[in-house]
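Descriptive analysis of the structure
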Amino acid sequence: MNKIIMSLLLAMVALPFFVQAQVLQDSVAEVKEFEFEVRCGATFPLEKVFGNNCIGGNMGIEARWNMKEIPLDFGLEMNVAVNVSEYGNSDSSRPLTSFAAVTDYNFLRGQRVSPFVGAGFGWCVCDVVENGGYKKNGNCCMFMLRGGVELFRHLRVTLNTRIAKKGYNHIGLTLGYAFGGGLKKKK
């Protein structure tokens, strides 16, 4: 599993270096300056902490500002992801609420299919819920890498990994919709 994760991370980081600069320069379309995304999806824990790992939930909101001359965006996000474990009749969930600054490099920006890679860094709150009982497990810094594709200028499919604290690290797959964004209207 660790080799797969490392391969995904390496591919996400290396992808921009394999794309020709001229193709990217020609593809920078004029898009609206601001967009707001709402997303939800699933997570899978990266390490085994307690029992068997299960698929958990993931939802978030994000505001992004698109740069005019280059295919970069910068934004702020709030995300809640839950890692879930089962052990016999006991369940344990570990919610990770994160607040982060994010940036993406958008390939073929403004086209109907636009891949992107990005990263984020921020602060998170770690909690534990076991058998209906709740306890706080502290705060920590969080680093996130992501990649995905924007379809039809608004629908976003994203694969991300969040590294925060043992028991809270995970891979997530989300489906989101970006309000705003899209191509600027020609005058």
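Residues numbered from 1 in each chain as written. Predicted model: local features only at pLDDT ≥ 70, side-chain atom pairs only at ≥ 80, totals over all residues. Heavy atoms only, no water.

**Notes on empty space enclosed by the protein**
The tally for this structure, following the rule as stated, stands at two cavities of 30 Å³ or more. Looking at the largest cavity, its volume works out to about 130 Å³. In terms of lining residues, the largest cavity is bounded by 14 residues, among which Val-31, Glu-35, Arg-109, Gly-110 and Glu-150 are the most central. Classifying every residue of the lining of the largest cavity gives one nonpolar, seven polar and six charged. (1 Å grid on protein atoms, 1.4 Å probe; cavity = no way out; pocket = protein on both sides within 12 Å on 5 of 7 lines; lining within 4 Å. Points joined across faces, edges and corners; volume = space filled by probe spheres on them. Nonpolar A, V, L, I, M, F, W, Y, C, P; charged D, E, K, R; others polar.)

**So, the nonpolar core**
Judged by nonpolar contacts, Leu-96, Ala-100, Val-102, Cys-124, Cys-126, Val-128, Cys-140, Met-142, Met-144, Ala-164 and Tyr-168 together constitute the single largest core of 11 residues. Among the elements of the structure, β5 (90–106), β6 (113–130) and β7 (133–151) are those that each provide at least two residues to this core. When neighbours within four sequence positions are excluded, Ala-164 is seen to be in contact with Leu-96, Cys-124, Cys-140, Cys-141, Met-142 and Asn-169. (Core = buried A, V, L, I, M, F, W, Y, C linked by side-chain atoms within 4.5 Å. Buried < 20%, exposed > 50% of the residue type's maximum accessible area, 1.4 Å probe, protein only. Helix = DSSP H or I, 4+ residues; strand = E, 2+ residues; numbered from the N terminus. Contact = heavy atoms within 4.5 Å.)

**Some thoughts on the state of the cysteines**
Evaluated as defined, the whole model comprises zero disulfides. Note on Cys-140: no disulfide assigned, nearest cysteine sulfur contributed by Cys-124 at a separation of 3.3 Å. (Disulfide = S-S within 2.5 Å.)

**Topic: the environment of Leu-96**
With respect to the secondary-structure elements, Leu-96 resides in strand β5. Note on Leu-96: relative accessible area 2%, which makes it buried. Distance in space between the C-alpha atoms of Leu-96 and Ala-164 is 8.7 Å, their sequence separation being 68 residues. Excluding anything up to four places from it in sequence, Leu-96 contacts Asn-79, Val-80, Ala-81, Cys-124, Val-125, Cys-126, Ala-164, Tyr-168 and His-170.

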